[in-house]
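Spelled out from the first residue to the last, the chains are:
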Amino acid sequence: MSSLGVGIVGLPNTGKTTLFNALSRSGALVASYPYATIEPNERVVPVSDPRLTEFARLAESARIVPATVRFIDIAGLAEGASRGEGLGNRFLSNIRQVDAVVHVVRGFKRGDSSSQAEAIDPVRDVELIETELRLYDLEILGRELSKVRRLAKSGTKECIERVKALERTEEEISSDVISDRASVARELALLAPDMSLLILKPTLIVLNVDESSDDSATNERKLREWAEPHGVPVLSVNSLVEAELAELDPEDAELFAEEMGVEEESLDRVVRASFELLGLITFFTAGPEESRAWPIRAGLTASQAAGKIHSDFERGFIKAEVIHQDDFLSAGSFPAAREAGTLRLEGRDYVVLDGDVIIFKFNT
Ligand SMILES: Nc1nc2c(ncn2[C@@H]2O[C@H](COP(=O)(O)OP(=O)(O)OP(=O)(O)O)[C@@H](O)[C@H]2O)c(=O)[nH]1
Ligand SMILES: [Mg+2]
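Everything quoted here is computed from the prediction, not taken from an experiment.

## Details of the sheet that holds strand 2 (residues 42-46)
Sheet architecture is open: six strands sit in the order 2-4-1-5-6-7, paired in mixed fashion. With partners counted over all chains shown, the strands left at the sheet margins are strand 2 and strand 7 (234-237), one partner each. Sheet twist, expressed as the mean angle between neighbouring strand axes with direction ignored, is 30 degrees. Pairing analysis gives four bridges linking strand 6 (residues 203-209) to strand 7, with the strands arranged parallel. The partner of L207 across the bridge, within strand 7, is S236. Helix 4 (residues 122-153) contacts strand 1 (5-10), strand 5 (100-107) and strand 6 of the sheet and is inclined by roughly 145 degrees relative to strand 5. With respect to the sheet, helix 10 (residues 266-277) is in contact with strand 1, strand 2, strand 4 (68-73), strand 5, strand 6 and strand 7, its orientation differing from that of strand 7 by roughly 155 degrees.

Listed below in structure tokens is the structure:
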């Protein structure tokens, strides 16, 4: 499966590319992951998952193949982007293509930051971008509504339902706080699945902080207070330091990180949180050749999950031997699990759970 895409979005010069570089360089340290040749502003980044490391150890796997996230570095959006300022429309339409959004907000001092416009103010900045996203969405909704309203006059039931869904969405997007973006998105997807609205994409805010800002704790607190009712998670990262760390070998990186007082694994947390935005679950395979994480949509059956590995697996599916992660860890091996009775036999209609470790049996 080609990885789903997460767009890095924000005002100009907030450190989007710095974060992108840090993410993709740190990714390159991992031994192997499915590689895709893609545009230079797109990188496939492995998702570190301690479960996978454990499974590989137990199965004595020769290699580890983690799940991946595809990050796309999108150009900065300026105020007025929704009216076409600064190539705004093109960048906004780039965001339509992604499955989720990492919104980078400046939390570091810039040059001579005596002027008001340069003062660090994450809430102002976040609202500025969100306003542009909403204006763009409202424009698209408005255009679609006037088209569908005309069609609805001669009134198929489908058309009328679509108008209602679009109107409800328009109302939500115009309100001060969209309290549950995911449920608005779900409702819209049912009746107008072709509409891709920017503000409804699963979103994570990354506050790009600086080691030297005096009010960084205050800024972060204010941003979190803002984000809470909007239902958007916030992570703090020092992208500049992380980008430098990603270039060092691990020993030097550890020393430097300590010196700079950066939190361990802050990049890993960004990747994991980005992966979580995509709403996927993960099942695993573990054998001597490789241990591998397989991200799938929730609700897939065993035979459909087998089809993710190879279409022949789905066609020739016979059965699956399934064990849940903790049972596998405590058994220590498949034979031991078989003996303990924790490795179960499941048929094609078994619904795969996050954390299942699976051995597929199939005919080719
Ligand atoms: N002090 C500090 N400077 C940073 C940080 N992140 C980025 N910068 C600096 O901010 C400037 C812009 O960084 P970029 O990563 O190019 O920002 P961008 O958001 O990709 O910019 P555009 O693509 O032009 O919108 C560069 O000079 C970076 O070195 C940070 O965490 N701290
Ligand atoms: Mg950039």
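## Notes on the side chain of D210
Tracing the chain through its elements places D210 in the loop between strand 6 and helix 7 (216-230). It is K109 that comes nearest to the buried, bridge-free D210 among opposite-charge side chains, at 7.1 Å. Contact partners of D210, with chain neighbours within four places excluded, come to G107, F108, K109 and N238.

## Let's talk about the site of ligand 1
Residues in contact with ligand 1 amount to 15 residues; listed here are only the nearest, N13, T14, K16, T17 and T18. T14 places a polar main-chain atom, nitrogen or oxygen, 3.0 Å from an oxygen atom of ligand 1. The fraction of the free accessible surface of ligand 1 (650 Å²) that becomes covered by protein chains is 70%. For the shell around ligand 1, the secondary-structure elements that each account for two or more residues are helix 1 (16-28), strand 6 and helix 8 (239-245). Here the shell around ligand 1 takes three residues from helix 1, the largest share from any one element.

Criteria and cut-off values
Residues numbered from 1 in each chain as written. Chains lettered and ligands numbered in written order. Predicted model: local features only at pLDDT ≥ 70, side-chain atom pairs only at ≥ 80, totals over all residues. Heavy atoms only, no water. Pairing = 2+ DSSP bridges. Helix = DSSP H or I, 4+ residues; strand = E, 2+ residues; numbered from the N terminus. Axes fitted to C-alpha atoms, helices over the stretch in contact; angles between N-to-C directions. Contact = heavy atoms within 4.5 Å. Buried < 20%, exposed > 50% of the residue type's maximum accessible area, 1.4 Å probe, protein only. Lys, Arg positive; Asp, Glu negative; His and termini not counted. Salt bridge = Lys/Arg side-chain N within 4 Å of Asp/Glu carboxyl O. Near = heavy atom within 4 Å. Polar contact = N/O pair within 3.5 Å; in protein donor to acceptor, adjacent residues only side chain to side chain. Areas by Shrake-Rupley, 256 points an atom, 1.4 Å probe, with all protein chains shown as cover.

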